[in-house]
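# Coordinate analysis (summary)
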Amino acid sequence: MIQQTATGYEPLNTLKPVVDRIWRIDGPPLQRGWVPYPTRAVVVKLVGGALWVFSPTKLTDALSQELAELGPVAHIIAPNKDHQTHVAAWKNRFPNAKVWAPEGGYTPAQVLQPDRAEGAWQGQIEQCIVRTGPNRREAVFCHKPTRTLIFADLFEALETRHLPARARPVVWFSGTDDSSGNMRPSHRWALREKDKAALAEDVECLIRWNPRRILLSHGKCFDTNAVGQLERAFRKILRTHRWEAAFVEHTKNIR
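These lines cover the structure that appears in this document, whether it is placed above or below.

Cut-offs applied
Residues numbered from 1 in each chain as written. Predicted model: local features only at pLDDT ≥ 70, side-chain atom pairs only at ≥ 80, totals over all residues. Heavy atoms only, no water. Helix = DSSP H or I, 4+ residues; strand = E, 2+ residues; numbered from the N terminus. Pairing = 2+ DSSP bridges. Axes fitted to C-alpha atoms, helices over the stretch in contact; angles between N-to-C directions. Contact = heavy atoms within 4.5 Å. Salt bridge = Lys/Arg side-chain N within 4 Å of Asp/Glu carboxyl O. Buried < 20%, exposed > 50% of the residue type's maximum accessible area, 1.4 Å probe, protein only.

### Remarks on unusual backbone geometry
In the segment running from Glu 10 into Pro 11, the intervening peptide bond is cis, with an omega of 5°. Among the structural elements, Pro 11 can be located in the segment before strand 1 (15-19). Unlike most non-glycine residues, Arg 21 shows phi in positive territory, near 75°. Within the fold, Arg 21 resides in the loop between strand 1 and strand 2 (22-32). The phi angle at Arg 147 is positive, at roughly 50°, despite the residue not being glycine. Its location among the elements puts Arg 147 in the loop between strand 9 (136-143) and strand 10 (148-150).

### Observations concerning the sheet that holds strand 11 (residues 213-215)
With mixed pairing, the four strands of this open sheet are ordered in space as 8-9-10-11. Where the open sheet ends on each side, the last strands, each with one partner, are strand 8 (125-133) and strand 11. Between one strand and the next, the sheet's axes are offset by a mean angle of 25°, whatever the strand orientation. In this sheet, strand 11 lies alongside strand 10 in parallel orientation, the contact comprising three bridges. When the sheet's bridge partners are listed, Thr 148 is paired in strand 11 with Arg 213. Sheet strands in contact with helix 5 (residues 193-208) are strand 8 and strand 9, and its direction is about 160° off that of strand 8.

### A closer look at the sheet that holds strand 6 (residues 98-101)
The sheet built from seven strands is open, its strands ordered 1-2-3-4-5-6-7 with mixed pairing. A single partner strand is all that each edge strand has here, and the edge strands are strand 1 and strand 7 (110-111). Where strand 1 and strand 2 come together, four bridges link them in antiparallel fashion. Each residue of the ladder has a partner; that of Leu 15, found in strand 2, is Ile 25.

### Points about the pattern of salt bridges
Pairs can form between side chains of opposite charge whenever their charged atoms are close. The full count for this structure, using the stated rule, is 15 salt bridges. Between Lys 144 and Glu 126 there is a salt bridge, with the nearest N and O atoms lying 3.8 Å from each other. One end of the pair, Lys 144, is in the loop between strand 9 and strand 10; the other, Glu 126, is in strand 8, and 18 residues separate them in sequence. For Glu 126, a relative accessible area of 26% translates into the label partly exposed.

Encoded structure:
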């Protein structure tokens with residue numbers, strides 16, 4: 001199989017400003033079957049100057065120098081089991097940094113709390129360990145000052161114009177192209193009823209954060225209407241959850 005080397009997000013492996021105190025790093029593609037998945041890391045400069053890095057991509061000497069000029073790398077986030085490829089290389093380069101992951105994720109790592117921010121970034125970045133399916137967890141974050149929501153795999157919006165023609169039908173049929181955006185089918189199909197209810201509860205938490213923009217690890221980012229994108233991407237799960245909640249409330253009221 002021919003390996004795709006371009007992503008449409010060039011230049012790669014360099015810091016790109018997003019909004020105040022946030023940068024993204026577009027990395028090389030990750031080949032999954034027919035689809036070369038674009039990859040992306042997010043860097044947040046915390047109050048005090050320390051750097052918080054979400055889902056690290058390939059680390060080059062030039063990128064290391066850029067980061068050193070920006071501030072000390074203090075926190076490396078492995079948001080789920082699939083986003084661990086480059087964590088060890090970053091830890092080796094920045095030995096004083098702490099690695100963080102959901103329980104049962106990367107080892108060795110500090111365990112992320114499921115429902116409250118760690119002290120190092122409390123008041124700056126919200127966090128939620130989203131229950132994405134049987135034995136699957138993903139850490140999702142929101143930078144409070146800029147209301148920027150940061151995802152790994154929970155939500156994808158691949159821009160097919162950047163993909164080779166042979167890969168586009170796969171993405172269209174999966175519903176993860178940028179015109180719709182969704183969870184990967186393999187993740188959606190694995191959800192049981194109790195998993196859907198748990199996922200809906202966690203997505204409601206993300207909505208309550210009232211984010212403005214969304215940064216995704218794979219594909220298009222959304223600069224506006226983040227809540228609307230969440231409502232659309234998880235509409236089926238949210239609809240069932242909200243109907244059930246409304247029914248319970250109605251039952252209480254008529255007693």
